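Fold and geometry: a report
These are the residues of each chain, in order.
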Amino acid sequence: MILVAEPILGPQEQAAVADVLRSGWITQGPAVREFEQTFAQRHGAADAVAVNSCTAALHLALAALDIGPGDEVIAPSLTFVATVNAILYTGACPVLVDIEALDVPLISIALVEAAITPRTRAIVMMHFGGHLADPDPWRALAKQFGLWLIEDTAHAIGVPGVGHYGEAAAFSFYGNKNMTTAEGGMVLMRDPVRLERVRRMRGHGITSSAHDRLIARSAHYDVTELGFNYRMDDLRAAIGLVQLGQLNEFNCIRTTLVAGYLERLERLRNSHHDLIVPQSRSGNSAHHIMPILVPALADRDTVAAKMQAAGIQTTIHYPPVHTLTYHRTRLPGLSLPLSEEFHHRVLTLPLHPRMSEQDLDHVVAALEEAI
Ligand SMILES: *Cc1c(COP(=O)(O)O)cnc(C)c1O
């Protein structure tokens, strides 16, 4: 079976985990701190805060910007449900907006501007597929209306410029992302005071960590505001440090594989003109996933079933959040035609650094046959 995504883990990760086990300190400690500093450096930031998921990272970023009940936060509907759930956790109201086009499945800046009200406090952007939008118009819009710009960077780890669009960015190290710690996330914030607030809120709002208290030989701490248990542990951070060292190579292989896909799919488009291959307009991408839209007259689920029978896993990114049962009750009557058509036709093909050129031939041949 050719899988949609596969984590690349080996002896280096095993040794790093074994070192942490032998050290006797397995929860948040020195490896987490080293991971934060190395990650920040790799993304051109002064510092970072590691947490146990991107969902937690998004929640903390919103909370540290004092977003809460009565506020509106604009976000895409064509995203993983976590983007929207993090807004709901704060008590704010998510305002979901359609994508730019079927071949540019990023939140539409024109529709975002039209959705701004006096209650709007922030915009969450998501770099769908790893494709980055031009940051300048987004910064200008946020500045013009006095809004916080927040990035859900789960798809775009390691790309130059990512994490610096606005005030905050939330990364994911879930098992299917471009680098992994199994579960995990990271927060970047422009304002160092707010980043320290995120650091406290990650551990119940406590003013020192257990490891700090061990070093200081003091059992005293205080809690200055309501926080959460969103900590990362040293076992995961040790894996993250090894993965971070390989991220460039992983992302380079992804870029080469996508170029191979584009060449083969272009040939397929000669006979299927309305097969759509979303691409990065800015040319800047982490190539996290390889979604295509099947021709309008093809039945996507049948295509997926035929590919499954040919030994190729595919998946769907994403059911738009406004169509999910729970979220529909919170956002009744919302219709976002482009996100809905995208969902109806999208098929995400396998893309991970263990794939070969032969795998690409096999996937595209099976796709052609299935269509
Ligand atoms: C994976 C993902 C998340 C959630 O990441 P977790 O680390 O699992 O919380 C959020 N947003 C997007 C776009 C994702 O792909």
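Quick note: structure is the one above.
First, a word on scope: everything that follows refers to the structure included in this document.

About the criteria used
Residues numbered from 1 in each chain as written. Predicted model: local features only at pLDDT ≥ 70, side-chain atom pairs only at ≥ 80, totals over all residues. Heavy atoms only, no water. Salt bridge = Lys/Arg side-chain N within 4 Å of Asp/Glu carboxyl O. Helix = DSSP H or I, 4+ residues; strand = E, 2+ residues; numbered from the N terminus. Buried < 20%, exposed > 50% of the residue type's maximum accessible area, 1.4 Å probe, protein only. Near = heavy atom within 4 Å. Polar contact = N/O pair within 3.5 Å; in protein donor to acceptor, adjacent residues only side chain to side chain. Areas by Shrake-Rupley, 256 points an atom, 1.4 Å probe, with all protein chains shown as cover. Expected span 1.5 Å × (residues − 1). Arc of directions from axis to C-beta. Phe/Tyr/Trp six-rings, centres within 6.5 Å; stacked < 30°, edge-to-face > 60°. Lys NZ or Arg CZ within 6 Å of the ring centre and 35° of its normal.

Re the pattern of salt bridges
Per the stated rule, a full pass over the model turns up 23 salt bridges. Residues Arg 345 and Glu 341 are paired through a salt bridge, measuring 3.0 Å at the closest nitrogen-oxygen approach. Taken together, the residues Arg 345 and Glu 341, both in helix α12 (residues 337-345) and four residues apart, mark about one turn of the helix. When its relative accessible area of 31% is taken as the criterion, Glu 341 is described as partly exposed. Put simply, Arg 33, Glu 36, Asp 47, Glu 196, Arg 199 and Arg 202 are held in one network by salt bridges that share partners.

Let's talk about the site of the ligand
Lining the immediate environment of the ligand, one finds 16 residues, of which Cys 54, Thr 55, Asp 152, Ser 172 and Lys 177 sit closest. A distance of 2.7 Å separates an oxygen atom of the ligand from a polar side-chain atom of Ser 172. Tyr 318 has a polar side-chain atom sitting 3.2 Å from an oxygen atom of the ligand. Protein contact buries 94% of the 380 Å² of open area that the ligand shows by itself.

Focus on helix α1 (residues 11-23)
In this model, α1 (13 residues) spans 18 Å end to end at C-alpha, consistent with the 18 Å of a helix rising 1.5 Å per residue. Along α1, the residues that are buried comprise Glu 13, Ala 16 and Val 20. All buried residues of α1 fall inside an arc of 65° around its axis, so they share one side. Turned more than 90 degrees away from the buried face of α1, the exposed residues are Pro 11, Gln 14, Leu 21 and Arg 22.

With respect to the packing of aromatic side chains
Applying the stated criterion to the full structure yields eight aromatic pairs. A ring pair is formed by Phe 39 and Phe 171, whose centres lie 4.9 Å apart and whose planes are at 80°; its orientation type is edge-to-face. Of this pair, Phe 39 sits in helix α2 (residues 30-42) while Phe 171 sits in strand β8 (residues 168-172); the two residues are 132 residues apart in sequence, bridging distant segments of the chain. On the basis of relative accessibility, which here comes to 0%, the residue Phe 39 falls in the buried class. Phe 171 gets classed as buried once you look at its relative accessible area, which sits at 0%. Linked through ring pairs, Phe 35, Phe 39, Phe 171 and Phe 173 together constitute an aromatic cluster. The ring of Tyr 165 carries the charged tip of Arg 139 above its face, separated from the ring centre by 6.0 Å.

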